[in-house]
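Remarks on the overall topology
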Amino acid sequence: MGIECSSVVAEPRAEVFAWHTRPGAFTRLAPPWQPVTVASEADSLADGVAVLRLPGGLRWVAQHLAADYDPPHRFADRITVRDIASAPTGLLPWRHIHEFDELGPDRTRVSDRVETPVPAAVLRPMFDYRHRQLADDLAAHRAAAEHGYGPATIAITGASGLVGTALAAFLTTGGHTVIRLVRGPAGPGQRRWDPADPAPDLLDGVDAVIHLAGASIAGRFTEAHKRAVADSRIGPTERLAARAAEARVRVFVGASAVGYYGADRGDEPLDETSSPGSGFVADVVQRWERATRAAGDVRTVTVRTGIVQSPRGGTLRLLRPLFTAGLGGRIGDGRGWLPWIGIDDLVDVYHRALWDESLSGPVDAVAPHPVRNSEYTAVLARVLHRPAVLPVPSFGPELLLGKEGAAELATASQRVLPVRLQAAGHRFRTPELEPALRHLFGRTRHEND
């Protein structure tokens with residue numbers, strides 16, 4: 001048993017092989033629907049070790065094999081599954097050979113051959129996902145390079161979150177240096193960041209700042225919760241932007257949200273030129289964006305993010321078990337608009353903000369085809385092969401979030417369009433919802449529905 005699969009990417013073999021050697025490759029290739037987390041990546045494809053955490057205290061340990069290391073042609077690893085005491089369990093024998101064949105100056109065939117008792121049908125979705133990720137990531141870096149963007153040093157706050165983890169791994173595999181700004185003691189590749197008083201030398205040697213940090217907005221809208229949401233965004237953003245101005249970084253990219261437009265604008269198409277809405281979230285987002293003005297003459301981009309799609313976090317992580325159990329359904333009448341975006345498309349938007357010097361100010365980070373809540377639930381149910389026949393009454397979210405929180409989050413309706421990105425000719429990896437969800441759940445091949 002096992003699997004053999006291959007694909008062709010439009011990159012020189014040396015670059016494709018080098019991508020796999022860089023920090024972040026293991027993270028970028030890990031399928032998001034699997035219940036695993038990356039504990040550590042190998043420091044060498046010749047003889048390094050990578051570790052994944054599995055449920056139940058198990059670990060997936062990949063030992064790279066020196067005898068099979070032949071750059072840029074081949075590398076290999078052998079997998080063992082270990083328990084919490086690091087003893088091999090004897091489960092899942094696995095030998096994985098990665099091969100790279102040059103088909104021309106800018107074409108490389110990437111092949112995976114795995115020797116394991118696991119059937120190919122089980123493994124196929126994982127390798128299909130890995131090959132799509134590799135091709136799309138390399139294409140995104142190539143586009144940046146064609147616009148003159150070379151290796152840069154990028155400081156990121158919130159690098160351990162859903163977006164930050166994906167973005168940091170994407171950037172390091174592209175040859176960039178990422179400095180994680182952390183609030184606790186700093187380790188390798190990190191600098192300690194005090195949101196209340198950033199150190200004067202915090203951004204020394206930094207080319208760009210991506211500011212993602214902020215308290216989660218999800219939760220019951222008590223006064224304490226709303227204060228934490230605002231206080232974690234406005235003051236820290238202003239102070240960090242001021243440090244960016246002093247350090248003369250090239251660009252300051254700040255997180256923002258489509259909540260700028262208010263909780264419900266009906267069927268009105270919204271874009272970066274639309275007026276702001278009203279309500280707590282809209283007010284916080286407006287103040288949050290104004291705080292970036294402290295960056296002065298530094299080019300500044302605020303990324304108004306929609307509902308991020310990833311099984312690893314956010315709304316989709318909450319919905320997945322409900323829909324898997326057949327308990328999912330539309331909220332209320334289902335007519336509310338959902339401005340969604342896949343996690344990797346969001347990564348590409350942040351990446352573009354770094355290299356596209358024509359971008360400044362607000363940029364709507366949403367897919368070009370928003371859907372109504374009823375369509376979203378129907379597509380998610382179809383992808384997961386489950387029914388979605390139990391509508392959620394409006395009082396349900398109110399029990400969890402309070403009346404204000406439910407109106408601002410659960411039943412919010414914003415028909416937001418990525419007008420500035422489309423005007424810039426931006427390429428979305430998954431502009432349509434169903435292909436996006438199928439990619440994220442490994443359901444793209446051999447589907448008959």
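Source: prediction; values computed, not measured.

**Regarding the overall build of the chain**
Looking only at helices and strands, the chain features 13 helices and 20 strands. Relative to the globule expectation of 22 Å for 449 residues, the C-alpha radius of gyration of the chain, 22 Å, shows essentially globular dimensions. Seen along its three principal axes, the alpha-carbon backbone of the chain occupies a region of about 60 × 55 × 45 Å. By residue count, 52% of the 449 residues in the chain fall in the buried class. A separation of at least 24 residues holds for 70% of the contacts in the chain among residues at least 6 apart in sequence. Working note: accessible area of the chain is about 19,500 Å², and carbon and sulfur atoms make up 53% of it. In the chain, the 51 positive side-chain charges and the 52 negative ones have mean positions that sit 3 Å from each other.

**Here we look at the layout of surface pockets**
In this structure, the second largest pocket spans a volume of roughly 1,100 Å³. If you trace the second largest pocket, you find 42 residues lining it, with T27, T37, V38, T165 and R312 closest to the centre. Contributions of two or more residues to the lining of the second largest pocket are made by α2 (25-29), β2 (37-40), α3 (120-146), α4 (162-173), β9 (177-182), α8 (314-324) and α9 (343-355). Here the residues of the lining of the second largest pocket sort into 20 nonpolar, 15 polar and 7 charged.

**Some remarks on the pairing of strand β7 (residues 107-115)**
Of the strand pairs in this sheet, strand β1 (residues 2-9) and β7 are connected by 8 bridges, and their pairing is antiparallel. Its bridge partner lying in β7, G2 is registered against E115. Relative to β7, strand β6 (residues 94-104) runs antiparallel, the two sharing 9 bridges. For G104, the partnering residue across the bridge sits in β7 and is R107. Turn length for the β6-β7 hairpin, with the two strands adjacent in sequence and antiparallel, is 2 residues.

**Considerations on a nonpolar patch on the surface**
Judged by side-chain polarity, L322, L327, V389 and L390 come together as a nonpolar surface patch covering roughly 370 Å² of accessible area. Tracing the backbone shows L322 in helix α8.

**Some words on the nonpolar core**
Of all hydrophobic cores here, the largest spans 72 residues; its most connected members are I154, I156, L171, I210, V253, Y350 and L354. Among the elements that make up this core, the one with the highest residue count is α9 (8 residues). Non-local contacts of Y350, meaning those with residues more than four positions away in its chain, are made with V163, L167, I210, L212, V253, A255, V303 and T305.

**Here we look at the sheet that holds β6**
The strand order β1-β7-β6-β5-β4-β3-β2 describes an open sheet built from 7 strands, whose pairing is antiparallel. At either end of the open sheet lies a strand with only one pairing partner, and these are β1 and β2. Averaged over neighbouring strand pairs, the angle between their axes works out to 20° when direction is ignored. Here helix α1 (residues 13-21) sits on the sheet in contact with β1, β5 (74-82), β6 and β7, set at roughly 155° to β6.

**Concerning empty space enclosed by the protein**
Taken as a whole and judged by the stated rule, the model has 1 cavity of 30 Å³ or more. Elements represented by at least two residues in the lining of the largest cavity include exactly β6, β7 and α3. Across the lining of the largest cavity, the residue classes break down as 4 nonpolar, 4 polar and 3 charged.

**Structural notes on α4**
Here α4 spans 17 Å end to end across 12 residues, near enough to the 16 Å set by a 1.5 Å rise per residue. Judged by how many residues are buried, α4 sits mostly within the fold: 10 of 12 residues are covered. Those residues of α4 lying buried are V163, G164, A166, L167, A168, A169, F170, L171, T172 and T173.

**Some details on the packing of aromatic side chains**
One pass over the structure, following the stated rule, counts 8 aromatic pairs. Centre to centre, the rings of F17 and F100 are 5.3 Å apart; their planes meet at 75°, and the pair counts as edge-to-face. In this pair, F17 is assigned in helix α1 and F100 in strand β6, connecting sequence segments 83 residues apart. We classify F17 as buried; its relative accessible area is 5%. Ring geometry for F75 and F100: centres 6.0 Å apart, planes at 25°, overall stacked. One end of the pair, F75, is in strand β5; the other, F100, is in strand β6, with 25 residues separating them in the sequence. Members of the aromatic cluster, each reached through a chain of ring pairs, are F17, Y69, F75 and F100. Directly above the aromatic system of W288 lies the positively charged group of R233, at a separation of 4.8 Å from the ring centroid. Lying across the ring of Y260, R304 places its NZ or CZ 3.6 Å from the centre.

**Focus on the side chain of H96**
Assignment of secondary structure puts H96 in strand β6. A distance of 2.6 Å separates a polar atom in the side chain of H96 from a polar atom in the side chain of D112. The residues contacting H96, other than those within four sequence positions of it, are F75, A76, D77, D112, R113, V114, F127 and R130.

**A word on the environment of I179**
Examined against the element boundaries, I179 turns out to sit in strand β9. Classification of I179 by relative accessible area gives buried; the value is 10%. Each C-alpha atom of the pair I179 and A365 lies 24 Å from the other, and the pair is 186 residues apart in sequence.

The rules behind each value
- Residues numbered from 1 in each chain as written.
- Predicted model: local features only at pLDDT ≥ 70, side-chain atom pairs only at ≥ 80, totals over all residues.
- Heavy atoms only, no water.
- Helix = DSSP H or I, 4+ residues; strand = E, 2+ residues; numbered from the N terminus.
- Rg over C-alpha atoms; globule rule 2.2 N^0.38 Å.
- Buried < 20%, exposed > 50% of the residue type's maximum accessible area, 1.4 Å probe, protein only.
- Contact = heavy atoms within 4.5 Å.
- Areas by Shrake-Rupley, 256 points an atom, 1.4 Å probe, with all protein chains shown as cover.
- Lys, Arg positive; Asp, Glu negative; His and termini not counted.
- Charge placed at Lys NZ, Arg CZ, Asp CG, Glu CD.
- 1 Å grid on protein atoms, 1.4 Å probe; cavity = no way out; pocket = protein on both sides within 12 Å on 5 of 7 lines; lining within 4 Å.
- Points joined across faces, edges and corners; volume = space filled by probe spheres on them.
- Nonpolar A, V, L, I, M, F, W, Y, C, P; charged D, E, K, R; others polar.
- Pairing = 2+ DSSP bridges.
- Patch = residues over 30% accessible without salt bridge, like charges linked within 9 Å, V, L, I, M, F, W, Y side chains within 5 Å.
- Salt bridge = Lys/Arg side-chain N within 4 Å of Asp/Glu carboxyl O.
- Core = buried A, V, L, I, M, F, W, Y, C linked by side-chain atoms within 4.5 Å.
- Axes fitted to C-alpha atoms, helices over the stretch in contact; angles between N-to-C directions.
- Expected span 1.5 Å × (residues − 1).
- Phe/Tyr/Trp six-rings, centres within 6.5 Å; stacked < 30°, edge-to-face > 60°.
- Lys NZ or Arg CZ within 6 Å of the ring centre and 35° of its normal.
- Polar contact = N/O pair within 3.5 Å; in protein donor to acceptor, adjacent residues only side chain to side chain.

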